[in-house]
Amino acid sequence: MTKQLKKGTAILAMVLVFLSCADGKFGGLALYTVRDDMGKAPIETLKTVSETGYAYVEAAGYDNGMYYGMQPAAFKDSLQQLGLKPLSSHQSSITLDNAEQQLADAKAAGFTYVVVPIPPMGMFTLDQETMKMGMKGTKEELLKILNELGKKADAAGVQLLYHNHDFEFMKGEDGSILIDYLLENTDQKYVNFQMDLYWVTKAGADPLAYFEKYPGRFKLWHVKDMDDEGKFAPVGEGHIDFKRILAQKDKSGMEGYFVEQDMTWDKKPLEVIKISHEGLKEIGFK
């Protein structure tokens, strides 16, 4: 894909998002938030997402060539009928071997972005007792994989992003910070980033410092709040200063954002997404 065509594809995606917002709907929802509901009743859940006021979605349910049990084109059609735009898809099972098929499926489903949500190909680690996340293998190996996946994505007509958690912002044993290494060494033509604002905050980093140092690299955001205990919270019910971050959206390169709440505690996910959408409105997201 040429640079001009790639730019045109991104502009078209944003035009479609703008048009989908013309009826008063705005913002995106990461469907991981409502994953249990999507597993039981995907169409009914998507209908609620649309009625809540969201304009576009990020999938997190790709399995064996299908999205939530639907063929890619059928999933795209279902979203369109409900007034929702497919913007991005988290595909944690992507590898160098299956990338062509997964990326083609994402393209067929109408996605502009394919997001690598964790270090792929078995590199991600999670301590079940402490819930501490990390990575095995080297930063050089991850870099090589992402650059190769990025080129494959470009050839397939979609754009590749990498999504962070907290460990990428912490110093490794060699003293380096993984996210900085990736930002400095990935080929910007093929690989960019989705910034999860909760996890950046959890790591003690400042999103604005990254926007300043690496402008234009953060094409999508995850907007999730943090309560006083450090837990996930509905947008507007925590202490993350989203207004301060939102003021620098242009510098960041943000072209879309998604409410996400990994765990909703004593509230039901379909209740939380309504609270968060109201929070977005009060903060000034559009």
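Whatever comes next refers back to the structure up there.
Because the structure is predicted, anything quoted here is derived from the model rather than measured.

*Asks:* I'm lost on the packing of helix 5 (residues 99-108) against helix 6 (residues 139-156) in this one. Help?
*Replies:* A pair of packed helices can be characterised by two numbers: the angle between their axes and the separation between those axes. Taken N-terminus to C-terminus, the directions of helix 5 and helix 6 make an angle of 45°; their axes are 9 Å apart at the nearest point. When the interaxial angle is binned, helix 5 and helix 6 end up oblique. The handedness of the crossing between helix 5 and helix 6 comes out as right-handed. Touching A99, E100, L103 and K107 of helix 5 are L149, K152, A153 and A156, all from helix 6. Its residues assigned to classes, the contact of helix 5 with helix 6 shows five nonpolar, no polar and three charged.

*Asks:* How do you make sense of the pairing of strand 7 (residues 124-127) when you look at a structure like this?
*Replies:* As defined by bridge partners, strand 7 adjoins strand 8 (residues 132-135) across four bridges and the pair is classed as antiparallel. Paired with F124 across the strands is M135, a residue of strand 8. Hairpin connection, strand 7 to strand 8: the antiparallel pair is bridged by four residues, and M131 has positive phi, about 60°.

*Asks:* Would you take a moment to explain the packing of helix 3 (residues 42-52) against helix 12 (residues 269-283) for this structure?
*Replies:* Packing of helix 3 against helix 12 leaves a shortest axis separation of 10 Å and a crossing angle of 20°. Classified by the angle their axes make, helix 3 and helix 12 are roughly parallel. Judged by the sense of rotation from one axis to the other, the crossing of helix 3 with helix 12 is right-handed. Side by side, helix 3 and helix 12 meet where T45, T48, V49 and T52 of the first sit next to L270, I273, K274 and H277 of the second. Across the contact of helix 3 with helix 12, the residue classes break down as three nonpolar, four polar and one charged.

*Asks:* Could you clarify how one ought to interpret the pattern of salt bridges in this entry?
*Replies:* Think of it this way: side chains of opposite charge can pair up when their charged atoms draw near. Scanning the model with the defined rule gives twelve salt bridges in all. The partner of R244 in a salt bridge is D206, with the nearest N and O atoms 2.7 Å apart. With a gap of 38 residues between them, R244 in helix 10 (residues 242-246) and D206 in the loop between helix 8 (197-202) and helix 9 (207-213) connect regions that are remote in the sequence. Owing to a relative accessible area of 37%, R244 belongs among the partly exposed residues under this scheme. Within the structure, one salt-bridge network assembled from shared partners comprises D196, K224, E260 and D262.

Parameters and conventions
Residue indices begin from 1 for each chain and proceed along its sequence in written order. Local features in a predicted model are, by the rule used here, given only for residues with pLDDT of at least 70; side-chain atom pairs are given and counted only at 80 or more, and totals for whole chains, interfaces and linings are based on all residues. Side-chain numbers here rest on the full set of heavy atoms in the structure, without hydrogens or water. To define axes, lines are fitted to C-alpha atoms, for helices over the stretch in contact only, and angles between the resulting N-to-C directions are given on a 0 to 180 degree scale. Only DSSP runs of H or I with at least four residues qualify as helices, and only runs of E with at least two residues qualify as strands; both kinds are numbered from the N terminus onward. Here roughly perpendicular refers to angles of 65 to 115 degrees, roughly parallel to angles under 35, roughly antiparallel to angles over 145, and oblique to all remaining angles. Crossings are sorted by hand: turned counterclockwise from the far helix by less than a right angle, the near helix makes the crossing left-handed, and turned clockwise it makes it right-handed. In this description, contact between two residues means that some pair of their heavy atoms is separated by no more than 4.5 Å. Note that Gly is not counted as nonpolar here; it falls among the polar residues with everything else outside the nonpolar set of Ala, Val, Leu, Ile, Met, Phe, Trp, Tyr, Cys and Pro and the charged set of Asp, Glu, Lys and Arg. At least two DSSP bridges between two strands are needed for those strands to be called paired. Whenever a carboxyl oxygen of Asp or Glu lies within 4 Å of a side-chain nitrogen of Lys or Arg, that contact is scored as a salt bridge. We call a residue buried when its accessible area falls under 20% of the maximum for its residue type, exposed when it is over 50%, and partly exposed in between, using a 1.4 Å probe and counting protein chains only.

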